[in-house]
Protein chains: 2
Amino acid sequence: MALEAAEQVVTSDDAATAVSFATEPSQYLHWHLSIDGAVATIAMDVDEQRGLRPGYAMKLNSYDLGVDIELHDAVQRLRFEHPEVGCVVITSARDRCFSAGANIGMLAQATHPWKVNFCKFTNETRLEIEDASANSGQTYIAAVNGAAAGGGYELALACEEILMIDDGSTAVSLPEVPLLAVLPATGGLTRLGDKRHVRRDLADVFVTKSEGVKAPAAVRWGLADAAIPRGRFEESVRARAAARAARSSRRRPARGVALEPLVAGGDDDRIAYEHVRAEFDRAAGVATIIVSGPRDEAPKDADEARDLGSRYWPLAVARELDDLILRLRTNELTLGTWLVKTVGDMDRVLAHDRFLLEHRDADWFVNEVVLLIKRVYKRLDVTSRSLLASIEPGACFGGLLLELAFACDQQYMLDGTMEEGEQAPVIVMSEANLGVYPMGNALSRLESRFFGRSPEFAAARAATSVPLDAEAASALGLVTFAPDAIDWEDELRIAVEQRAAFSPDALTAMEANLRFAGPETMETKIFGRLTAWQNWVFSRPNATGSAGALRRYGSGQRAALSKERV
Amino acid sequence: MALEAAEQVVTSDDAATAVSFATEPSQYLHWHLSIDGAVATIAMDVDEQRGLRPGYAMKLNSYDLGVDIELHDAVQRLRFEHPEVGCVVITSARDRCFSAGANIGMLAQATHPWKVNFCKFTNETRLEIEDASANSGQTYIAAVNGAAAGGGYELALACEEILMIDDGSTAVSLPEVPLLAVLPATGGLTRLGDKRHVRRDLADVFVTKSEGVKAPAAVRWGLADAAIPRGRFEESVRARAAARAARSSRRRPARGVALEPLVAGGDDDRIAYEHVRAEFDRAAGVATIIVSGPRDEAPKDADEARDLGSRYWPLAVARELDDLILRLRTNELTLGTWLVKTVGDMDRVLAHDRFLLEHRDADWFVNEVVLLIKRVYKRLDVTSRSLLASIEPGACFGGLLLELAFACDQQYMLDGTMEEGEQAPVIVMSEANLGVYPMGNALSRLESRFFGRSPEFAAARAATSVPLDAEAASALGLVTFAPDAIDWEDELRIAVEQRAAFSPDALTAMEANLRFAGPETMETKIFGRLTAWQNWVFSRPNATGSAGALRRYGSGQRAALSKERV
C-alpha cells in the first residue's frame, strides 16, 4: 500500500475528483492569514477562477466548499499553532465587499447530496469558530468592511461581535428567501433569535428584505454591535481586537504545536492513516473503520505531550478520524453503514485517557486536544450514515474510545471469544464518558442514552473504571446486543444487510431524530430544525426545479413559482 | 349571504370537495364513543369504504384525515360535554387489530401538501390528547388489544399509559422506515426518547424492525407499560381506568356544556361565522380575517358563562377561529398571507379577558375555554401561512385578542387615524399576554418576542393595562411598523405584495424557524425537527417517486432505491 498525500487517494462515486480536506496556509487560494501579536486576521479574498468544481465564477467573495475547507483549516491551526492569539478578526481583503455568501452558480449546478453536505460542513465550521471563542480563549470578531449577504452575514453571525462600516451603503442581508427561494441555513435563521436575540418580527422583516439593513438600523435591531465610519474603521477594529485579546483566558504560551500533514495511503477499497483505517465493502455498502490504540505509553507530563506534537496519539487519532469522516461523507455516498471497531491495549488507552483528564485544565495543548476530540465526535453525531459499533476480542473501547461506541446507533459486543486463547472483549467507562466530550445537546452520550432514566444512568455511572464483559455491559444497557460466538457473525451480517436494504433518506431522517433526545441547543437546532427545513426546501421545484429561483437567479428570467402553501 | 352548515361552504382549489371539520358523535363513521361513569371509551372501528377521498380502502383500522377529524371532535367534546369523565380509554373495536396507522394507499395517492397537512393535523390531535391528560384531568390510556403499527402505535404513544395484550402475537411497531421509506412522524420518533425514554439504541432497533416488538419486550424496552394476558385484559383496563379516573383533578360537575354546531355562511370569496369572518382576495393571495369583539358584557359569574354554553363569546370565537384555520389550511392553499384584524369594543374585550383569568382556577368550564384558546393560538403558530396583524381604528387588540397579534409574524399599527372623528387605535396588554396562552415552546409570545432581551421584556411588561397608541407600542417593541395615515395603505399593500412574490416553500420553512426562538419542547421538536425531516422524506424519490417504497407498497414489486446517502 503506497503512502501518499491524503488529498490524492479516494475515488469518488460520481467520477469527479474526490474532495480533499488537507491544506495549510501556504496553499490557501482564498484567504490571507496574518498574525500580529495576540491578534490574528483571516481576510477573505476569494479567487473567483479557482472554484473546487468547474462551472461557476466565485465573484464578490462568494464561496464554495473549497473556500470553506481553507477556513476550517485556519480556525483549527490557530488553536494549535498559534496559542499566543487571543482574538481573531474575520474580514475581507476586498474593497466594499465582505462576502456575498455561498456561490449561487455552484448551488444551482450541485446535486442535492452535494448541497446538503456543503451546508453541513459550513455549519460545522461556524460552530468550530464559536467553540474557539467559548472554550479556547480565541474570540472571533467580524469586521464587516463591505456588503455581507447571505452566508457572508452568517459567517459574521458566528463571531462574538460584529463591527460594521457605517458609510451609508454597506448593508448586511439575508436575501435567500426573497431572491433564491431557499433559507439562510448556515445557522442564520437560528442565530438571529437564539444568539443575537433579534426580535422575531424584525427578524422576519430582515430576512424578507433583499437589500438588507445598513449599519445604524443593523445596530438598533441587534444585527450588528457597532456602526463605525469608514475613516475610523480599521483603527476601531484593531483596538477592539486588542481589548478582546487582552481579556483572553489563554495563558500566552511561547510556542504552538505544528499540525503536520496527515499521511494516508489506500486505494479504491480502503484508506489507511497511521492509527485509523477504513475498508470498504462496496457491494454491501459498508465501510469498516478501525481505530488503533496507542503504541506508546502516555506522556509523563504536558511538556512531553507538546513535544510529541501532532504525533501525540490522541491528537493524531482525532485528526485522522476527522479527515476520514469528512472524506467518506463527501466522496463515498453509497457506503451507508459504518462499522466501527477498535484494536489495541486497553490499559494504554485508559492511561492516555487519564492523562487528558488530568492535564486539560492546566495545559492549553492538552485542552485543545480534548476539544478537538469533542468536535470530531460531534461530527459523527450529525453524520448521515448508520453507525454500528462492533466490540470484539482485541478491542480497546475504553474512556475516550468507548465514546466512539456510544456515538453509534447500535452496539454489538461479543459475549465470550471466537477462538481459544483469545480474551473476551471488555469495555471500560471513565470520567471521559461523563461530560468531557458532550454532544451538541450539551449532554454526555451516556446521559443522552439514559435520558429520563436516572436509576439506569446511576447504575451505569457506578460501573466507571470497571472492566465490563458483554454480559455486564448488556445488563447495564451499555451495549445493544451481546451475541455469543455461535450467533455473532450471522447477527452482525443480518444487521448490516438490513440496514443496506432500507431507504437511505429515511435512515438519515430517522437517525437525525433519534440521536438527540431531550434538550435542544442552538447547535442541535441548526442541525435538526434548520437543516431539515433547508433539505426540504432544496428539494422543492420552487427552488431547484428547472424554472426555480436558484436555477434562474441571474438569468434575467423570473422564477416560475407555484403559489401553493405546504 | 346564506347561512348553512359549516361543512358545505368552501370550494377547494383542487376542485375536490372541500374538507369540513364539523362532525359530532352521532355522525361518526369510524369511532364508537361510550361513557360509563367517569370513564369514556373511544373505540376505533374504521369503515374501510368511507375514506374521505375515493381511491383507497381503509383496512385494518388504518386511517385518513376523516378518521382523525372524528377523533379530534371526540377529544374536544369530552372536555366540554362530559366533565364527569376523568379517564379516557382509546382502544379498538376490532378483534386482534388495534390500528395499522395512516392508510398507505391514501398517502401514496395524496399530493405533497395534502400529506403535510394531514400529518400536521394528526400531530395537533395527539397533542390535544396530551393536553387533556395534563391540564383537564382527563387522562388518556391506550388499551392495545391487537397489532398497533405505525400511526396506530403513535396514537398509543400520545396516551399516558399503554396497556398491551400479551398473547404471543400482538406487537407494537413503527415499520415506516423499513417498509415505506418514510418516518414515523406523528410524533413517534420524538416521543420514543423524550416521553417514553426508550434507550436510543433500542429505539433504533425498534424503528428498523418491521415486525415490531411483542408485549414482554415492549414493556422491558419502555414501549408499553403493562403486558396483560388476553383473558384478563378488559378487566385490567377497566380497573386501571377507574383508578386513573378516581385520581382525576376534575371536580365532577353535574353537567357539561354542549358544543352546538358552528354556523357558517359564505361563498367562494368569504367565510363568515358569527364572530369571525374571512374575506379572500385570490388575485393577491390574501385572506383577511376579522375577529369581532363581544356584543355582550362579561358574565357576572361562572354559572352564567356555563349557561351561555357555546354562545359564550370567548368559546364561540375560539371555536370559529379554530374551524376557520383548519379550513383555510386544508382547502385554500394559495391564500398564502393572512391579514388579521379585530373590530369591537376594547373595554368589553378586556372585561371578558379579566373574567377568564379570574375564574379559570375555580371553574372547570372557564378553564376549558382558556385551554381551547391556548390550543387555537398554538395552531396558528404552526400554520404555514404568513401572518400579518393590521391594527386599525375600531380594533380591539386587548388581552386575549392582542395575543392574536403577537402570534403574527409582523404587526402593522396605524399611527393616528384615517378619517376625522375616528379614534386612533390602541392595544392593551393584560396578564393574558404573560403566560396564560403559552406557545409550544412553553414561553409566552411576549417572552418569545423578547427572547434574551430582559430589559425590553420588563419594559413591555410594565405597560400592562395601559392603552398604548402606535407610538408607544412601537417604542416598546410591541408592533413592527407604525405608519401614519399617509403611508398606511401603501405600506400594507407593499408588504402583502412582497409576501405574495416569494416562494411559499421558503416562507413556510423560514417562519417555522423564526417563530420559535429559544428553548424547545417535545411539542416544538415534533413540529420543527421531526416534521421538517418528514417533509423532506416525503419529497424524496425513494419514498414518493413512481418506483418509491410508498408507491410500490403492497404491489408485490420492491421499491427501487437510490443508495446515495444525503
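Up top is the structure these notes are about.
Residues numbered from 1 in each chain as written. Chains lettered and ligands numbered in written order. Predicted model: local features only at pLDDT ≥ 70, side-chain atom pairs only at ≥ 80, totals over all residues. Heavy atoms only, no water.

Asks: Got a sec to walk through the interface of chain B and chain A? Specific residues and values, please.
Replies: Each partner contributes to the interface: chain B provides 90 residues, whereas chain A provides 90 residues. It is R200, R529 and R565 of chain B in chain B that bury the most area against chain A; as a group they hold 13% of the surface buried on that side. Connecting chain B to chain A are 14 salt bridges. Note that D409 of chain A is salt-bridged to R200 of chain B, the shortest N-O span being 3.6 Å. One can count 56 residue pairs in polar contact (both at pLDDT 80 or more) joining chain B with chain A. Where the side of chain B that touches chain A is concerned, the elements lending two or more residues are α3 (112-135), α5 (176-180), α6 (188-194), α7 (200-207), β20 (410-413), α18 (485-501), α19 (504-514) and α20 (522-538) of chain B. Its residues assigned to classes, the side of chain B that touches chain A comprises 44 nonpolar, 25 polar and 21 charged. (Contact = heavy atoms within 4.5 Å. Buried area = accessible area lost by both parts, 1.4 Å probe. Salt bridge = Lys/Arg side-chain N within 4 Å of Asp/Glu carboxyl O. Polar contact = N/O pair within 3.5 Å; in protein donor to acceptor, adjacent residues only side chain to side chain. Helix = DSSP H or I, 4+ residues; strand = E, 2+ residues; numbered from the N terminus. Nonpolar A, V, L, I, M, F, W, Y, C, P; charged D, E, K, R; others polar.)

Asks: Report on the pairing of strand β20 (residues 410-413) of chain A, specifying residues and quantitative values.
Replies: Residue and element names in this part refer to chain A. A two-sided burial pattern is seen for β20, the buried positions comprising Q410 and Y412 on one face and Q411 and M413 on the other. With four bridges connecting them, strand β19 (residues 386-391) and β20 associate as parallel partners. Counted as the bridge partner of I391 is M413 from β20. (Buried < 20%, exposed > 50% of the residue type's maximum accessible area, 1.4 Å probe, protein only. Pairing = 2+ DSSP bridges.)

Asks: Now, about the relation of the copies chain B and chain A: what can you tell me, with residues and values included?
Replies: Its rotation angle being 180°, the transformation that places chain B on chain A also includes 0.0 Å of axial translation and leaves an RMSD of 0.0 Å. When the rotation and shift are considered jointly, the pair of chain copies conforms to a two-fold rotation axis. Interface residue correspondence from chain B to chain A reaches 100%, placing this contact among same-surface, isologous pairings. (Least-squares fit on C-alpha atoms with pLDDT ≥ 70 in both.)

Asks: Account for the packing of aromatic side chains, with residues named and values stated.
Replies: All names here are of chain B. Counted under the stated rule, the structure contains 20 aromatic pairs over all chains. Judged by centre distance (6.2 Å) and plane angle (75°), the ring pair of F80 and F365 falls under edge-to-face. Of the two residues, F80 is situated in helix α1 (residues 65-81) and F365 in helix α13 (residues 364-381); the sequence distance between them amounts to 285 residues. Just as F80 is buried, F365 falls in that class too. Each ring, one from Y312 and one from F365, has its centre 5.8 Å from the other, and the planes form 45°; the classification is tilted. Of this pair, Y312 sits in the loop between α10 (302-308) and α11 (313-331) while F365 sits in helix α13, placing them 53 residues apart in sequence. (Phe/Tyr/Trp six-rings, centres within 6.5 Å; stacked < 30°, edge-to-face > 60°.)

Asks: With reference to specific residues and values, describe the pattern of salt bridges.
Replies: Counted by the stated rule, this structure contains 110 salt bridges over all chains. For D201 of chain A, the salt bridge goes to R199 of chain A, with nearest N and O atoms at 2.8 Å. In terms of burial, D201 of chain A and R199 of chain A fall into one category: buried. A salt bridge links R529 of chain A to E520 of chain B; the shortest N-O distance between them is 2.9 Å. With R529 of chain A in helix α20 (residues 522-538) and E520 of chain B in the loop between α19 and α20, the pair connects residues from two separate chains.

Asks: Mind laying out the nonpolar core, listing which residues take part and the relevant values?
Replies: Of all hydrophobic cores here, the largest spans 174 residues; its most connected members are Y153 of chain A together with Y153 of chain B. For Y153 of chain A, the contacting residues outside a window of four places in its chain are A148, I162, V172, S173, L174, L192, F206 and L223 of chain A. (Core = buried A, V, L, I, M, F, W, Y, C linked by side-chain atoms within 4.5 Å.)

Asks: Now, about a negative patch on the surface: what can you tell me, with residues and values included?
Replies: On the surface, a cluster of negative charge is contributed by D415, D469, E471, D484, D487 and E491 of chain A. Within the element layout of this structure, E491 of chain A appears in helix α18 (residues 485-501). (Patch = residues over 30% accessible without salt bridge, like charges linked within 9 Å, V, L, I, M, F, W, Y side chains within 5 Å. Areas by Shrake-Rupley, 256 points an atom, 1.4 Å probe, with all protein chains shown as cover. Lys, Arg positive; Asp, Glu negative; His and termini not counted. Charge placed at Lys NZ, Arg CZ, Asp CG, Glu CD.)

Asks: How would you sum up the sheet that holds strand β6 (residues 96-99) of chain A? Please name residues and give values.
Replies: Taken in spatial order, the four strands line up as β6-β9-β11-β12 (chain A) in an open sheet, and their pairing is mixed. Strands with a single pairing partner mark the edges of an open sheet, and in this sheet they are β6 and β12 (213-214) of chain A.

Asks: So what's going on with the state of the cysteines? Which residues, and what values?
Replies: Residues and elements named next belong to chain A. For the coordinates displayed, the defined rule picks out zero disulfides over all chains. In this structure C97 is a free cysteine whose sulfur lies 16 Å from that of C159, the closest cysteine sulfur available. On the accessibility criterion, C97 (9% relative accessible area) is buried. No disulfide involves C408; its nearest neighbouring cysteine sulfur is the one of C396, lying 14 Å away. (Disulfide = S-S within 2.5 Å.)

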